[in-house]
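Commentary on secondary and tertiary structure
Residues per chain are reported as follows:
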Amino acid sequence: MNQTINYKFWTVCMIQDNDKVLLLDRQHDHFKGFIPPGGKVEFPESFVESAIREVKEETGLEVSNLIFKGIYEYVNLEKNDRYIIFNYLTKEFKGDLLNESPEGKPIWVPIKEMDSLPIQKSIRRRIPLFFKEGTFEIQVTWDNEKNDEGEVVIRET
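Residues numbered from 1 in each chain as written. Predicted model: local features only at pLDDT ≥ 70, side-chain atom pairs only at ≥ 80, totals over all residues. Heavy atoms only, no water.

**What to know about the overall build of the chain**
To keep things clear, this is the line we draw: The secondary structure listing takes helices from DSSP runs of H or I that are at least 4 residues long and strands from runs of E that are at least 2 residues long, numbered from the N terminus. Put simply, the radius of gyration uses C-alpha atoms, and a globule should come to 2.2 Å times the residue count raised to 0.38. Only the protein chains shown count as cover for residues, with accessible areas throughout obtained via the Shrake-Rupley method and a probe of 1.4 Å. When charges are counted, Lys and Arg are positive and Asp and Glu negative, with His and the chain ends excluded. Taken as the charge centre is NZ of Lys, CZ of Arg, CG of Asp or CD of Glu, depending on the residue.
Secondary structure summary: the chain contains three helices and eleven strands in total. Listing every helix and strand of the chain by position from the N terminus yields β-β-β-β-α-β-β-β-β-β-α-α-β-β. The globule rule puts the C-alpha radius of gyration for 157 residues at 15 Å, and the 16 Å found for the chain is close to it. Seen through its principal axes, the chain has C-alpha atoms that stretch 50 × 35 × 35 Å. Roughly 9200 Å² of accessible area belongs to the chain as shown, and the carbon and sulfur atoms make up 51% of that amount. Positive and negative charge centroids in the chain, built from 21 and 28 side chains respectively, lie 2 Å apart.

Shown next, in the form of structure tokens:
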């Protein structure tokens, strides 16, 4: 029996400047809080191209030398959905920061103060992994009954 799997891809890029990172203060729709820049991968662009484009659109900065840090994915077994987020880190950027973006206000935040900010749990669990050696894979099984995360498996490689 052939079943169709619905794949969707996003990117996230954590931009680090010494002891600070650039986050967007997002205050619209269901995904509020501080988030790194990123967004949906447009076909047929590559994942790195998507991350670079999204950072430029949302912050005004041009990033380079992106380091792949890991994959974060949601798997919905009932709906055959698999949503995969490619996570990158960079310390290399140029350009002028936008004052405002449709996704939220770009703000440089001290890394040590990130714990006190309102951040979605899916992003919060990734934060320490951006700054560790190696890569990560996080797989979240979606619970349709609860309309929330079910099992969460974190692998560090």
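**Some thoughts on the environment of Arg-126**
Inclusion rule: Burial classes: relative accessible area under 20% of the type maximum marks a residue as buried, over 50% as exposed, and values in between as partly exposed (1.4 Å probe, protein chains only). We call two residues in contact whenever any of their non-hydrogen atoms come within 4.5 Å of each other.
Along the chain, Arg-126 falls in the loop between α2 (121-124) and α3 (127-130). Here Arg-126 falls in the buried class, since its relative accessible area comes to 3%. Put simply, Arg-126 and Phe-47 are 79 residues apart on the chain and 18 Å apart in space, counted from C-alpha to C-alpha. Not counting residues within four places of it along the chain, the set of residues in contact with Arg-126 comprises Val-12, Tyr-72, Ile-85, Asn-87, Phe-136 and Ile-138.

**Some remarks on the nonpolar core**
The line we're drawing: Remark: nonpolar core denotes a set of buried residues (Ala, Val, Leu, Ile, Met, Phe, Trp, Tyr, Cys) joined through side-chain atoms within 4.5 Å.
Among the nonpolar cores identified, the biggest contains 22 residues, and Met-14, Leu-23, Tyr-72, Met-114, Leu-117, Ile-119 and Ile-138 are the most heavily contacted of them. Elements that contribute at least two residues to this core include exactly β1 (6-17), β2 (20-26), β3 (33-35), β6 (67-76), β7 (81-90), α3 and β10 (136-143). Filtering out sequence-adjacent residues up to four positions away, Tyr-72 remains in contact with Tyr-83, Ile-84, Ile-85, Asn-87, Ser-122, Arg-125, Arg-126, Ile-138, Val-140 and Glu-149. Judged by nonpolar contacts, the second largest core, of eleven residues, contains Ile-15, Val-63, Ile-84 and Phe-86.

**A word on the environment of Lys-94**
Position of Lys-94 relative to the elements: it lies in strand β8 (residues 92-94). Spatially, the C-alpha atom of Lys-94 lies 5.3 Å from that of Glu-62, the residues being 32 residues apart in sequence. Discounting residues that sit within four places of it in the chain, Lys-94 has contacts with Leu-61 and Glu-62.

Any functional reading would require information beyond the geometric quantities listed.
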